[in-house]
Amino acid sequence: MKKELIFLGPPACGKGTQTNKLAQYFGFPHVDTGSLLRAEIASGSENGKIAKQFIDKGQLVPVKLVGDIIKNRLMQEDCQQGFILDGFPRSMEQAEMLEEIRKEIDKDNQVDFRATYFDIDTDVLVLRIVNRRSCSECGEIYNLKFKSPKIEGKCDICGGDLTQRKDDNEETAKARFETYFRETAPLIDYYKNKNVLSSINADGSIEEVWNRLLKVVE
Ligand code: AMP
């Protein structure tokens, strides 16, 4: 049966690392709205220019823009057996939009649709954000405090240069948390009421969280 997995949790809760691993585990695409939007910005497109203004302020990019990107991506051939959706939906309006998209792409087919909430105390997360770096080549995520690379500034896996996201500074990070609590956190109850939500304790090592995650999505 086709698997459609979505994930909720505050910024820097470890979703990106875990959902990347999960996509490899199942052999499904990792559809991550943050990365798709950053790719739009890098391409210099009109949509990228609009998205940048919101991302730099820690706000949500307009729903129509993100919705179109997601819909196009989920309709592609490689998503037909299943997908890992990371970073969407992020508001009630987007959750409703996802329902519409799913009706269109799945018609009446049976689908295993589940939401997983990464439950973690947000106090430590701003520190995680400002120390986060990622490989410009393969996307591997590092943290200067908790998971530093063996050679400074270089990826352990492919040797690519490590870079810092422009929105990973303290001021924008704080705005992203405000946006999360106002817009995204209400989705926890929304999916709980639909009986499709599992919560996992997201405080722990990558391996610990991974084992908890597998138990709820397999
Ligand atoms: P992330 O990489 O998931 O931390 O996302 C980085 C930024 O991209 C967010 O702070 C938003 O500005 C924007 N973004 C990512 N996903 C969405 C979404 N589903 N809706 C609107 N904006 C988004």
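See the structure above.
Now for a description of the structure that goes with this document. (Residues numbered from 1 in each chain as written. Predicted model: local features only at pLDDT ≥ 70, side-chain atom pairs only at ≥ 80, totals over all residues. Heavy atoms only, no water.)

Of the regular secondary structure elements, the protein chain holds nine helices and eight strands. The C-alpha atoms of the protein chain give 17 Å as radius of gyration, which agrees with the globular expectation for 218 residues (17 Å, within 12%). Seen through its principal axes, the protein chain has C-alpha atoms that stretch 50 × 40 × 35 Å. Residues classed as buried in the protein chain amount to 44% of the 218 residues present. Of all intrachain contacts in the protein chain linking residues separated by at least 6 positions in sequence, the fraction that spans at least 24 positions is 70%. About 11,500 Å² of surface is accessible on the protein chain, with carbon and sulfur atoms providing 48% of the total. Measuring between centres, the 32 positive side-chain charges of the protein chain sit 1 Å from its 36 negative side-chain charges. (Helix = DSSP H or I, 4+ residues; strand = E, 2+ residues; numbered from the N terminus. Rg over C-alpha atoms; globule rule 2.2 N^0.38 Å. Buried < 20%, exposed > 50% of the residue type's maximum accessible area, 1.4 Å probe, protein only. Contact = heavy atoms within 4.5 Å. Areas by Shrake-Rupley, 256 points an atom, 1.4 Å probe, with all protein chains shown as cover. Lys, Arg positive; Asp, Glu negative; His and termini not counted. Charge placed at Lys NZ, Arg CZ, Asp CG, Glu CD.)

Okay, the site of the ligand next. In the vicinity of the ligand lie 16 residues, with Thr-33, Gln-59, Gly-87, Arg-90 and Gln-94 positioned nearest. Expressed as a share of its isolated accessible area of 490 Å², the protein-covered part of the ligand is 94%. Per-element tally for the shell around the ligand: the top contributor is helix H2 (residues 33-43), with four residues. Across the shell around the ligand, the residue classes tally to six nonpolar, five polar and five charged. (Near = heavy atom within 4 Å. Nonpolar A, V, L, I, M, F, W, Y, C, P; charged D, E, K, R; others polar.)

With respect to the helices and strands, the residue Ala-115 is situated in strand E4 (residues 111-119). Along the chain, Ala-115 and Ser-199 lie 84 residues apart, while their C-alpha atoms are 8.5 Å from each other. Beyond its immediate stretch of four places on either side in the chain, Ala-115 contacts Ile-6, Tyr-191, Val-196, Leu-197 and Ser-198.

Attention now moves to the sheet that holds strand E2 (residues 30-32). Spatially, five strands are ordered E2-E3-E1-E4-E8 in an open sheet, and the strand pairing comes out parallel. Each end of this open sheet is capped by a strand with a single partner; those strands are E2 and strand E8 (197-201). If you compare each strand with its neighbour and ignore which way they point, the axes differ by 25° on average. Summarising the sheet, strand E1 (residues 2-8) and strand E3 (residues 82-86) pair through five bridges and their orientation is parallel. The residue bridging Lys-3 from the neighbouring strand is Gly-82, located in E3. The strands touched by H2 are E2 and E3; relative to E2, the strand with the most contacts, the crossing angle is about 65°. The sheet strands contacting helix H8 (residues 186-193) are E1, E4 and E8, and the helix crosses E1 at an angle near 145°. (Pairing = 2+ DSSP bridges. Axes fitted to C-alpha atoms, helices over the stretch in contact; angles between N-to-C directions.)

Under the defined criterion, the tally for this structure stands at seven aromatic pairs. For the ring pair Tyr-180 and Phe-181, a centre distance of 5.2 Å and an interplane angle of 70° mean the geometry is edge-to-face. Accessibility expressed as a relative area gives 44% for Phe-181, which makes it partly exposed. Clustering of aromatic rings is evident, with ring pairs tying together Tyr-25, Phe-26, Phe-28 and Trp-210. Above the face of the Phe-54 ring, Lys-57 is positioned so that its terminal group lies 6.0 Å from the ring centre. Geometry around Tyr-142 places Lys-147 over its ring, the cationic atom sitting 4.9 Å from the centre. (Phe/Tyr/Trp six-rings, centres within 6.5 Å; stacked < 30°, edge-to-face > 60°. Lys NZ or Arg CZ within 6 Å of the ring centre and 35° of its normal.)

Right, let's talk about the sheet that holds strand E6 (residues 141-143) for a bit. The three strands are arranged E6-E5-E7 in an open sheet whose pairing can be described as antiparallel. The sheet is open, and its two borders are formed by E6 and strand E7 (162-163), each paired with just one other strand.

With that settled, consider the pattern of salt bridges. All told, the structure shown has 24 salt bridges when counted by the stated rule. Note that Arg-176 is salt-bridged to Asp-168, the shortest N-O span being 3.0 Å. On the basis of relative accessibility, which here comes to 2%, the residue Asp-168 falls in the buried class. (Salt bridge = Lys/Arg side-chain N within 4 Å of Asp/Glu carboxyl O.)

All right, on to helix H5 (residues 92-106) then. For H5, with 15 residues, the first-to-last C-alpha span of 21 Å sits near the 21 Å given by 1.5 Å per residue. Every buried residue belonging to H5 is among Gln-94, Ala-95, Leu-98, Ile-101, Arg-102, Ile-105 and Asp-106, and all of these are buried. An end-on view of H5 places all buried positions within 120° of arc, on one side of the element. Looking at H5, the residues exposed on the side facing more than 90 degrees away from the buried face are Glu-93 and Lys-103. Looking at the buried residues of H5, the elements they touch are E1, helix H4 (63-74), E3, E4 and H8. Looking one or two places after H5, you find Lys-107, whose phi comes out positive at around 45°. (Expected span 1.5 Å × (residues − 1). Arc of directions from axis to C-beta.)

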